[in-house]
Amino acid sequence: MNNLLDKLTIYDYVIVVVYLIALIVIGLVSSRKNAEGAEHFLAGKSLSWYSIGFNMWATNVGPSMLLAFATVGYTTGIVAVNFDWYAFVFLFLLAVVFAPRYLSSGVRTLPEFMGKRYGSDTQTILAWYSLVKMMISWLSLGLFAGGFLVRQILGIPMWQSVIFLVALAGLFAYTGGLRTVAKINIFQMILLIIVSALLTFLGLSKIGGIGTLFESTPQGYWSLIKPAGDPDYPWYAIALGYPVAAIAFFCTDQAMVQSVLGAKNLEQGQLGVNFIAWLKILSLPLFILTGIICYILFPGLDDPSLAYMTMVTNLFPTGLNGLIIVVLIAVLVGTIGSSLNSLGTVYTMDIYLKHVNPNADSKKITQVGRYTIVVGCVLAVLVAIAIDQIKGLNLFDVFQSILGFIAPPLAVIFLMAVLWKRTNKAAVNTLLTFGAVLSLGTGVCYLWVFPKDVYTFWPHYLMLSFYLFVILLVLGILISLVVPKSSYEKENETAFQLQMEKPTLRVKWAWGVLFVVMLLLYIVFR
């Protein structure tokens, strides 16, 4: 029984209505305090560590995590938690390497950061690439997953599902900016933890406890590291391929980093990034475990992507099913709201103010950002419908492979720009143009033109991402060695040498304890 709609009672509808009212009240109260102009997008640089952590987690979680993690948990066990636990390394990189440079430079967007170093052309190219990346990887994928779940619940077509969802999610980004989105996300992520923990508890109670959980699963379900011959997640593919997407995802993506740019100070930003790393540990008990318990209770599902909704419809008692609808709305509003705010920020700051109307006042800046959000909503619906046509991969692999094909150019240019002074404008611009065509073109061929389920010559999608990264890295190094720096770079080289704060004692302790905990977790689940 996977039809949640048939189980809804008056109590469920009351829960949903109360939640929506609470959401709107929080949004309206928060939006009254918002500044206009650039500060509208960065919450007036007022975010504390907990707001940053919850907002980044809300941006990251999305309905795709609920759906995809349960799917992979059902089919292969806990291996997919690598995509959250292994992330702590790259979040640390964001906190101690990238964030000090971003905040010291005083930028509002990451294209602006690169533009300060390499010039206006680089800023513009990266802005457009960032817009495409956010449209695909954040808005469209998140919207697709939300629409997929709504389709399972209500039985309505994908296009109707995504239109309804994006309209709701876009409301808060349109009216309130980052401050409103961050306030709402604190409330929603606490709700997500409570409801997801309840689902896990109900599942464990149903199967008879932790002992039964371990005894009733196949060998290898509890291993984070799969052998090289594993067809789905060989260890080398995760070890080499995942870092490419992770660096681009956590360190160079406006949607993720914008919360850090809105921090009160560097320490709060670094502690906020540390907090999301702690929150990611919860992926195993809250999301992956749902799929594993479903495997025990409901083996032989025709479609493993139904694992999450199968658990919900069969375990939640009558009168509480409204909670799960609330959570689906919460994670969607969190991801899409943050993404739309970032989309508006990049277009307004890096395209509109730079090339269309440099003298725009604060009111006009805010207005253009809101118009961008509306356009983003429409485009996200169209791309989400296109993603629905991809065949031959499970949902988790669809999400990860798309991110993997977008990531290589961004990972290469930011690593080179931050870690190697010799990196020049010619290399960065080449990687953002030719590299983008190569990487995205490979992704289109892999997913649509020569799909993996028909053409078996493809390597693992994570290794494809790694190969693209290596090719672009070598190309970037060669260009930087052969082509001299531009006059702009020579003139601004000294000015861009940033004086960065060192991590405080609190930051060092927070990350030190996290490293110990993550090491222990990998030893236990090796």
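Thresholds applied
Residues numbered from 1 in each chain as written. Predicted model: local features only at pLDDT ≥ 70, side-chain atom pairs only at ≥ 80, totals over all residues. Heavy atoms only, no water. Salt bridge = Lys/Arg side-chain N within 4 Å of Asp/Glu carboxyl O. Helix = DSSP H or I, 4+ residues; strand = E, 2+ residues; numbered from the N terminus. Contact = heavy atoms within 4.5 Å. Expected span 1.5 Å × (residues − 1). Bend = angle between axes of the 7 residues up to and from the residue. Buried < 20%, exposed > 50% of the residue type's maximum accessible area, 1.4 Å probe, protein only. Axes fitted to C-alpha atoms, helices over the stretch in contact; angles between N-to-C directions. Parallel < 35°, antiparallel > 145°, perpendicular 65-115°, else oblique. Left-handed = near helix turned anticlockwise from the far one by under 90°. Nonpolar A, V, L, I, M, F, W, Y, C, P; charged D, E, K, R; others polar. Patch = residues over 30% accessible without salt bridge, like charges linked within 9 Å, V, L, I, M, F, W, Y side chains within 5 Å. Areas by Shrake-Rupley, 256 points an atom, 1.4 Å probe, with all protein chains shown as cover. Phe/Tyr/Trp six-rings, centres within 6.5 Å; stacked < 30°, edge-to-face > 60°.

**Student:** Describe the pattern of salt bridges, and please don't skip the residues or the numbers.
**Tutor:** Between side chains of opposite charge, pairing is possible as soon as their charged atoms come close. This model, assessed by the stated rule, comprises five salt bridges. D121 is paired through a salt bridge with K425; the nearest N and O atoms lie 3.6 Å apart. You can see D121 sitting in helix α7 (residues 120–154) and its partner K425 sitting in helix α18 (residues 425–449), a full 304 residues away along the chain.

**Student:** Tell me what's going on with the environment of W420, and back it up with residues and numbers.
**Tutor:** Within the fold, W420 resides in the loop between α17 (395–419) and α18. As a C-alpha pair, W420 and I477 span 57 residues in sequence and 9.6 Å in three-dimensional space. Setting aside residues up to four positions removed in sequence, W420 forms contacts with R117, L415, I477, S480 and L481.

**Student:** Let's hear about helix α13 (residues 283–297): which residues, and what values?
**Tutor:** If you check α13, its first and last C-alpha atoms are 20 Å apart, about what 15 residues at 1.5 Å a residue would give, namely 21 Å. Of all the bends in α13, the largest measures some 45° and sits at L289. Burial in α13 covers these residues: S283, L284, L286, F287, I288, L289, T290, G291, I292, I293, C294 and I296.

**Student:** Pulling in residues and values, what's your account of the packing of helix α5 (residues 87–105) against helix α11 (residues 254–261)?
**Tutor:** To characterise two packed helices, one gives the angle between the axes of the helices and the distance between these axes. Remark: α5 packs on α11, axes separated minimally by 11 Å, with the N-to-C direction vectors making an angle of 70°. One element, α5, and the other, α11, form an angle in the roughly perpendicular class. The crossing of α5 and α11 is right-handed. Contact with α5, carried on its side by L94, A99, Y102 and L103, involves V257, V260 and L261 of α11 and no other residues of that element. Of the residues that constitute the contact of α5 with α11, the class distribution is seven nonpolar, no polar and no charged.

**Student:** Tell me about the side chain of S259, and please be specific about residues and values.
**Tutor:** As for its position among the elements, S259 is in helix α11. Residues in contact with S259, not counting those within four places in the same chain, are L47, I52, N55 and M56.

**Student:** For a nonpolar patch on the surface, give the residues involved together with the corresponding values.
**Tutor:** Taken together, the side chains of V444, W448, V449, F450, V454, Y455 and F457 present a nonpolar region at the surface, about 640 Å² in accessible area. Mapping F450 onto the fold places it in the loop between α18 and α19 (461–482).

**Student:** If you had to explain the packing of aromatic side chains to someone new, which residues and values would you point to?
**Tutor:** When we look at a pair of aromatic rings, we describe it by the centre distance and by the angle of the planes. On inspection of all chains with the given rule, the structure shows 28 aromatic pairs. Here F83 and Y233 contribute two aromatic rings whose centre-to-centre distance is 6.3 Å and whose plane-to-plane angle is 75°, an arrangement assigned as edge-to-face. One end of the pair, F83, is in helix α4 (residues 82–85); the other, Y233, is in the loop between α9 (210–215) and α10 (235–251), and 150 residues separate them in sequence. Both residues of the pair, F83 and Y233, belong to the buried class. Between F88 and F515, the ring centres sit 5.0 Å apart and the planes meet at 80°, which makes this aromatic pair edge-to-face. Taken together, the positions of F88 in helix α5 and F515 in helix α21 (residues 505–524) put the pair 427 residues apart, joining distant regions of the chain. With a relative accessible area of 11%, F88 lands in the buried category. F515 gets classed as partly exposed once you look at its relative accessible area, which sits at 33%.

**Student:** Please provide a residue-by-residue account of the packing of α10 against α19, values included.
**Tutor:** It is at 8 Å that the axes of α10 and α19 come closest, and there the two elements cross at 55°. One way to sum up the angle between α10 and α19 is to call them oblique. With respect to the hand of their crossing, α10 and α19 are arranged in left-handed fashion. Together, Y236, A237, I238, L240, G241, Y242 and V244 of α10 and L462, M463, S465, F466 and F469 of α19 make up the contact between the two elements. A breakdown of the residues in the contact of α10 with α19 according to their chemical character gives 10 nonpolar, two polar and no charged.

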